[in-house]
Amino acid sequence: MSFPVARPHGLQILSCLRQGTLALLLAVPLLGHAQATRTWVSGVGDDANPCSRTAPCKTWAGAIANTAAGGEIDALDPGGFGALTITKAITLDGGGGQVASVLVSGTNGIVVAAGASDTVVLRNLRFAGLAPAAGPGLSAVNFLSGARLTLQNININGFATSGININSSTASSQVEILNTTVTNSCAGLIVTNTGSNTTTVSVDRSRFVQGLSLGNCSNVNAPNGYGVYATGTGATVQMSNSVVFGNSVGLGAVSGAALNSFGNNQVQGNTSNGSFTGSVSSN
Amino acid sequence: MNKRLQTWRCLALVLGLCALLFGSPVWAQATRTWVSGVGNDANPCSRTAPCITLASALTKTVSGGEIDILDPGVFDGSLSGTASTFTITKPVTIDGGGAQVGAMGGISGADSLVINLTTPSAGGVILRNLSFNGYGVGNNGIHLSSATNLVLENVDVTGYSSNCLLIDPGAASALIDISNSTFSNCAVGVANQTSALLNLGDSTTFLNTTLGVSSNNSQGGVLFFNTVNQNNAQNTSFVSYSSGTSASLSGGSGGCAFNSQQFVIPATIASGSLPSGVTAVGAGFQFTTNSNCGGTPVTITINYAQAFPAGTVLYKYGPATPGATTSTWFQVPGASFGNGGTSVTFSITDNGVGDSNPTVGVITDPVVPVVPPSSLGIPTLSPWALVCLALGLGLLTVWSRRRTRA
């Protein structure tokens, strides 16, 4: 770095001060909060806190900045903790029972844009997208890249694209969906893989209910109103113990996608039920 | 005339003053509100200043928004005064969390929760992680009264003198999805009185003193998935179709079978466009066969839960003549009712009359049992309706005479 020499002294000092302040400002947050392996959010927290158990943060976004890759963010008590984009390996756990929620309108809830070897776990969370009101949330969970994603005990209601939208650019991605319910969204689950990548999605004990053409839908990769929709040769979905009920169309698999059943699902009460493309054994 | 105008002005002024003095403060509506067992309805129902009743929180929540319960409590007004019926008038999600107890208690002779949306189709209502206790004196626990889609997840309803869950005739064609819920110690656990379709998954009805699940509308339906009805005076009673309703197929070439089949609410076939005067008397049945059903005619038998009234015929929506490009409603020729009037059998040939699917070997066919207009009697009013009509006319006369005098 070269110092300005042709300036009057006063200006020079001012400039130095400016640079110093800037450096200090940049350094303080890093010095103040080293990244922890486990951080906490609370409905009455504050993102100025270090997100510790005794000084929790207010939002997922505030906490993730203070959480090391591979670490975990836990909800301490009920709250709405806001939208988040995940770019590293992380676990989010809303806790067993309390309402730990993400409420959005006009955007995605949680975007997973993680690295090609990253594992992301989302557990015990609620997503509210406000559809069919105008300007609803797009997708509750939008998986764009990453090696492995687990969705466990998730409730999703009212999204304009899809409750769960999986369209991974990673060469090989695996997604596990457990005990998860999607209601009143323009689609329940959409799995898209049109390139040479492979995306395998397992669904167990989950419900895709009342995916209707609600109005204000914004699907790009799928028609509206599907319970579960898979498209592209790289997309494989397998379902067990799950329910697809009250959708415009229950199941859809196009362009070479596989939608397999373990033979113990309920696909009923949809305007058109659609069908699985094949069956698989659970053991 | 001037005096009258003056009176109206005075009345308006008084009402306006009353509204200013005693009306609740106006809050901007939030997308998410909170209630707490130690909240206060004078609060904005925020996370840090929660309310104490669901009714107050609803007024401060946008349509399609969410009310969450912060901690244990009962949110029907009894913690801050008197319990009263909570009426949901707009789409909303109510989430009790998982560790909370309480939610709604019983009110003698009244319902705990009524769902009656001002605009029934404006969106769905989600009830999650809630418990309802009628203390043995409440009338209905949850009462759906508008054609609104309803989701119950992890909801426990117990101790109501009428129904734990009532779907009344106002909820025609609603979809109701129920999971991980229980309905117990009521007269009837789940009562469907209309053409709604209920899906009970991973749920239990038990110890109800009259019935576990009842569905008494021939166009309604009840589906079960891992659901148990046990220890009720009578476990189920269906006039509607249920998961037990079945259909069979024979004929076609070797290997001809259903590819998909289901009973449906008649209103879902061809957008409910049954010709005027034709009344559906049972669930519709939709099916698609696999591709081995070409050649010889295929015979379909559909078994219903109840006998159809006299004069019932089978209608279908599709090409009325072989190869017709437009679909219309017509009577299926040769359909016969058997088994005490509870089953109907008819034949259909691939790409013949009624096959809506031009693919060779595949038959697609929605049918509905109906009573056509010719066999309907002249409409008459029931004795009670006549009494009502007479009373109405009487009142009209009195009103009209008073008006003349004034």
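Residues numbered from 1 in each chain as written. Chains lettered and ligands numbered in written order. Predicted model: local features only at pLDDT ≥ 70, side-chain atom pairs only at ≥ 80, totals over all residues. Heavy atoms only, no water.

### Details of the pattern of salt bridges
When the charged atoms of two side chains with opposite charge come close together, those side chains can pair. Counting across every chain of the model gives twelve salt bridges over all chains. One salt bridge connects Asp95 of chain B with Arg128 of chain B, and the closest N-O pair in it is separated by 3.0 Å. Of the two residues, Asp95 of chain B sits in strand S4 (residues 92-95) while Arg128 of chain B sits in strand S7 (residues 125-138), which places them 33 residues apart along the sequence. Taking the relative accessible area as the measure of exposure, Asp95 of chain B reaches 0% and is therefore buried. Judged by its relative accessible area of 2%, Arg128 of chain B is buried. A cluster of three or more residues bridged by salt bridges with shared partners is formed by Arg126 of chain A together with Asp95, Arg128 and Glu153 of chain B. (Salt bridge = Lys/Arg side-chain N within 4 Å of Asp/Glu carboxyl O. Helix = DSSP H or I, 4+ residues; strand = E, 2+ residues; numbered from the N terminus. Buried < 20%, exposed > 50% of the residue type's maximum accessible area, 1.4 Å probe, protein only.)

### Quick look at the environment of Thr82 of chain B
Residues and elements named next belong to chain B. Note on placement: Thr82 falls in the loop between strand S2 (61-69) and strand S3 (86-88). Given the relative accessible area of 69%, Thr82 is considered exposed. Spatially, the C-alpha atom of Thr82 lies 9.3 Å from that of Ile107, the residues being 25 residues apart in sequence. Ignoring any residue separated from it by four or fewer positions in sequence, one finds Thr82 in contact with Asp76 and Gly77. (Contact = heavy atoms within 4.5 Å.)

### Topic: the sheet that holds strand S19 (residues 236-238) of chain B
Residue and element names in this part refer to chain B. Read from one edge of the open sheet, seven strands run S3-S6-S8-S10-S13-S16-S19, paired in parallel fashion. Bordering the open sheet on either side are S3 and S19, each of which pairs with just one other strand. The sheet shows a mean angle of 10° between the axes of neighbouring strands, direction not considered. The sheet contact formed by strand S13 (residues 188-192) and strand S16 (residues 211-215) spans four bridges and is parallel. By the bridge assignment, Ala191 is partnered in S16 with Ser214. (Pairing = 2+ DSSP bridges. Axes fitted to C-alpha atoms, helices over the stretch in contact; angles between N-to-C directions.)

### Points about the interface of chain B and chain A
Between chain B and chain A, the contact holds 45 residues from the first and 39 residues from the second. Between chain B and chain A, a total of about 2900 Å² is buried, with carbon and sulfur atoms accounting for 53% of that surface. Looking only at chain B, the three residues that lose the most surface to chain A are Arg47, Phe225 and Gln262 of chain B, adding up to 19% of its buried area. Here Asp177 of chain B and Arg207 of chain A are joined by a salt bridge, their closest N and O atoms 3.1 Å apart. Seen at the junction of chain B and chain A, the total is ten residue pairs in polar contact (both at pLDDT 80 or more). Element by element, the count of residues in the side of chain B that touches chain A is highest for S2 of chain B, at six residues. The residue makeup of the side of chain B that touches chain A, split by class, is 16 nonpolar, 20 polar and nine charged. (Buried area = accessible area lost by both parts, 1.4 Å probe. Polar contact = N/O pair within 3.5 Å; in protein donor to acceptor, adjacent residues only side chain to side chain. Nonpolar A, V, L, I, M, F, W, Y, C, P; charged D, E, K, R; others polar.)

### A word on the confidence of the model for chain B
Residue and element names in this part refer to chain B. Taken residue by residue, chain B gives an average pLDDT of 83. The fraction at 70 or more is 83%. Note that pLDDT drops below 50 for residues 13-25; the model gives that stretch one contact with residues more than four away or on any other chain. When the criterion is pLDDT under 50, residues 375-380 qualifies, and its contacts beyond four places in sequence or with other chains add up to four contacts. Interface confidence for the predicted complex, given as ipTM, is 0.79, next to a pTM of 0.78. (pLDDT = per-residue confidence, 0-100.)

### Here we look at the domain arrangement of chain B
Residue and element names in this part refer to chain B. You can read the domains of chain B as domain 1 (31-238) and domain 2 (246-371). A separation of 37 Å is found between the C-alpha centroids of domain 1 and domain 2. Listed by partner, the interface residues are seven residues for domain 1 and eight residues for domain 2. Across the domain 1 to domain 2 interface the summed buried area is about 570 Å²; carbon plus sulfur atoms make up 60%. Counting the surface domain 1 buries against domain 2, the share from its top three residues, Ser218, Gln219 and Phe238, is 71%. Linking domain 1 to domain 2 there are zero salt bridges. (Domains from an automatic or database assignment.)

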